[in-house]
Amino acid sequence: MKWPILRAFPSFSPRYLRPFIRICAQRSALTTGKKLHAMILTTGLSTSENSFLLNTLLHLYASCGDISSAQKLFDEIPHSSKDAADWTSLMSSFSRQNRPHDSLLLFAQMLEKGAEIDDVAMVCLFSVCAWLRDVGVGSQGHGRVVKMGFERRVKVCNALMDMYGKSGMVEEMRRVFSKMKEKNVVSWTVVLDGVLKWEGVSNGREVFDDMPHCNEVAWTIMIVGYVGNGFSKEGFLLLSQIVFHLGIKLNYITLCSLLSACARSGDVAMGRWVHVYGLKMVGMEMDIMVETALLDMYAKCGRIDTAIKVFECMPRRNVVSWNALLSGLAMHGRGQLVINMFPRMIKEVMPDDLTFIAVLSACSHSGMIDQGSYYFNSLQSVYGITPKIDHYACMVDLLGRAGRLEEAETLINKMPIPPNEVVLGSLLGSCNSHGKLQLAERLLQKLILMNPCNTEYHILLSNMYALAGKPDKANALRKVLKTKGISKVPGMSSIHVDGQLHQFSAGDKSHPKTREIYIMLEDMIQRLQSAGYVPNLSTQVFPGDDAGVELEKEQALFSHSEKLAVCFGLLSTKPGKPLYIFKNIRICRDCHSAIKFVSKIYDREIIVRDRNRFHCFKQGSCSCSDFW
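Residues numbered from 1 in each chain as written. Predicted model: local features only at pLDDT ≥ 70, side-chain atom pairs only at ≥ 80, totals over all residues. Heavy atoms only, no water.

*Asks:* Sorry if this is basic, but what is going on with the sheet that holds strand β3 (residues 579-583) here?
*Replies:* Read across the open sheet, the six strands follow the order β2-β1-β3-β4-β5-β6; overall the sheet is mixed. Both outer strands of the open sheet, β2 (500-505) and β6 (621-622), are each paired with one neighbouring strand and no more. Summarising the sheet, strand β4 (residues 606-609) and strand β5 (residues 614-618) pair through four bridges and their orientation is antiparallel. Across the sheet, the residue bridging to Arg-609 is Phe-614, located in β5. (Pairing = 2+ DSSP bridges. Helix = DSSP H or I, 4+ residues; strand = E, 2+ residues; numbered from the N terminus.)

*Asks:* Teacher, can you tell me more about the nonpolar core here?
*Replies:* The nonpolar side chains of a soluble globular protein tend to be buried with one another. In terms of nonpolar packing, the biggest core is built from 159 residues, with Met-122, Leu-192 and Met-297 touching the most fellow members. Excluding residues within four positions of it along the chain, Met-297 makes contact with Leu-259, Cys-262, Ala-263, Val-268, Gly-271 and Arg-272. With 30 residues, the next largest nonpolar core counts Leu-521, Phe-568, Ile-587 and Ile-606 among its residues. (Core = buried A, V, L, I, M, F, W, Y, C linked by side-chain atoms within 4.5 Å. Buried < 20%, exposed > 50% of the residue type's maximum accessible area, 1.4 Å probe, protein only. Contact = heavy atoms within 4.5 Å.)

*Asks:* I tried to follow the state of the cysteines on my own but got confused; where do I start?
*Replies:* One way to say it: the disulfide is the covalent bond shared by the sulfur atoms of two cysteines. Applying the stated criterion to the full structure yields zero disulfides. Not engaged in a disulfide, the cysteine Cys-431 finds its nearest cysteine sulfur in Cys-394; these two sulfurs lie 18 Å apart. (Disulfide = S-S within 2.5 Å.)

*Asks:* Can you walk me through the layout of surface pockets in this structure?
*Replies:* Think of a ball as big as a water molecule: rolled over the atoms, this probe shows where empty space is left. Here the second largest pocket defines a volume of roughly 800 Å³. Around the second largest pocket sit 36 residues that line it, and Val-224, Gly-225, Gly-228, Asn-229 and Arg-264 are the ones nearest its centre. At the level of secondary structure, the elements contributing two or more residues to the lining of the second largest pocket comprise α9 (154-166), α11 (185-199), α13 (216-228), α15 (252-265), β1 (492-497), β2 and β3. With seven residues, α13 is the largest single contributor of residues to the lining of the second largest pocket. Classifying every residue of the lining of the second largest pocket by side-chain character gives eleven nonpolar, 16 polar and nine charged. (1 Å grid on protein atoms, 1.4 Å probe; cavity = no way out; pocket = protein on both sides within 12 Å on 5 of 7 lines; lining within 4 Å. Points joined across faces, edges and corners; volume = space filled by probe spheres on them. Nonpolar A, V, L, I, M, F, W, Y, C, P; charged D, E, K, R; others polar.)

*Asks:* I'm lost on the packing of aromatic side chains in this one. Help?
*Replies:* The relative placement of two aromatic rings is captured by the distance of their centres and the angle of their planes. Under the counting rule described, the total for this entry stands at 15 aromatic pairs. Ring geometry for Phe-208 and Trp-219: centres 5.2 Å apart, planes at 85°, overall edge-to-face. Pair noted here: Phe-208 is in helix α12 (residues 201-210) and Trp-219 is in helix α13, with a separation of eleven residues, a long-range link. For the pair Phe-208 and Trp-219, a shared accessibility class is recorded, and that class is buried. Taken together, the ring pairs connect Phe-342, Phe-356, Tyr-374, Tyr-375 and Tyr-383 into an aromatic cluster. Sitting above the plane of the Tyr-580 ring, Arg-303 keeps its charged end 3.4 Å from the centroid. (Phe/Tyr/Trp six-rings, centres within 6.5 Å; stacked < 30°, edge-to-face > 60°. Lys NZ or Arg CZ within 6 Å of the ring centre and 35° of its normal.)

This is how it looks when you write it as structure tokens:
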């Protein structure tokens, strides 16, 4: 758009300019919009009574994401000239810029100023509350909806249900749904999403089957629910219905959602199906979002070399693609490769704050202190990125893993922002690795204030007491949890065999092949002990110290979920085939030691993904080099 075009408007009348500004907003033509704004200011049109040009410009800036200009204009417009659309436009802009608290503050100002609250404002409010999981403010908004008679507004009710659903208030969500006189496909989809998340796939399927009409979003949510929870066969069945029977072509949003679910559950079989489908339906050049999700899936499913191949075949890559690869390499302990690839990255794209989280994490998992320190110190000076809490957390983790706990504590004390649970929890984990009991005791007191229900910190310190020969203190700490009614998060290990997910907990005897698994376990333990494996009983806390207790400790160790999953994998797969196991918590020291022996004795590559990283066990050693 060129300046001569503007001469076509007679006398620059607001009547002609307003539609033109709206077109700029629709086309995100911010540069042209700013030129119009400058012209309006220089010609004095903004002061014309009832021109509403500033209001239209406000919507332009808000829709184009120029939040500072939008807020400045909003403040310049007299209150008497602001309507509900002005308020909600700025609220929505704050939300899109990840500033939900500013949106809530603006809504409070609307109430204080007596501005008109319309259905759009309520939708904005509930969207923000859903983002923040703020049921308190959301339920107050629910009361206002009833008071204003908005209960018949479908969009308002849908946003209200979404807020309750994302916050885990499923009964409230269902109650709103049951009272709705009119329901559309979005209403049903919101309920389906909430039920699947909080009540499981069985209840979710009931909602899905009751839906009068299913669109692609509903099908995707149901399939992703199955895949994410390990019901691969059911997911494939629905996929075949939507693709082969209904003839619906999956779009990039559906493909990305499926790949994300595969990444979470470790279901590489479904991920490969999506890969083949994408190549057949779209061709060799898939959407960059799908390709990025694809490499992320392969990396998180333990196939990092395949992820690298996907990356190298991408015709174009953005910063998200690079971040996905670097994060995957970091999880697999390929720190040196991350450092080697970083110069190549900055020739293609500009790194962002997430890039450096991946780089620092890679240095941490690989013990690369000098490189990590260099990149941390270069954040502001070289790349113009202000270090965030996550960058400090990575650096504290890096120093702590290397045993430099005093330096890590000094860094925390010098942080310009208060340390959060991740930062202090990371240092506590390092105290456990390096036996710094006094520092751990101090950290626990701070962490309890931040999150009194997190059992991991208590268990870590309890284990440290046991290692230090203080069983009384170890037991006392666990009794505190029991007294408060806080239960330990159970360790779970999962393995995919023949397209089906098999899950195990410690001492699990619910699997159909339990008898065979425990026979295999007994044989495996005997072979491991003959090869030199010694059970690590130091962290097992049981009252008493006689031989019976020692035996009880051994049995508890031998039936950890990882070992049961390994036994099932050895029983259910062909000799020499790699085993891929996924854990919800950190792998314990004893299982780490035992699986190293298993990989050599049974000549198997065993890849374990725990909460922090991947461990690739091969011929008696682990890719982490015992540095985890």
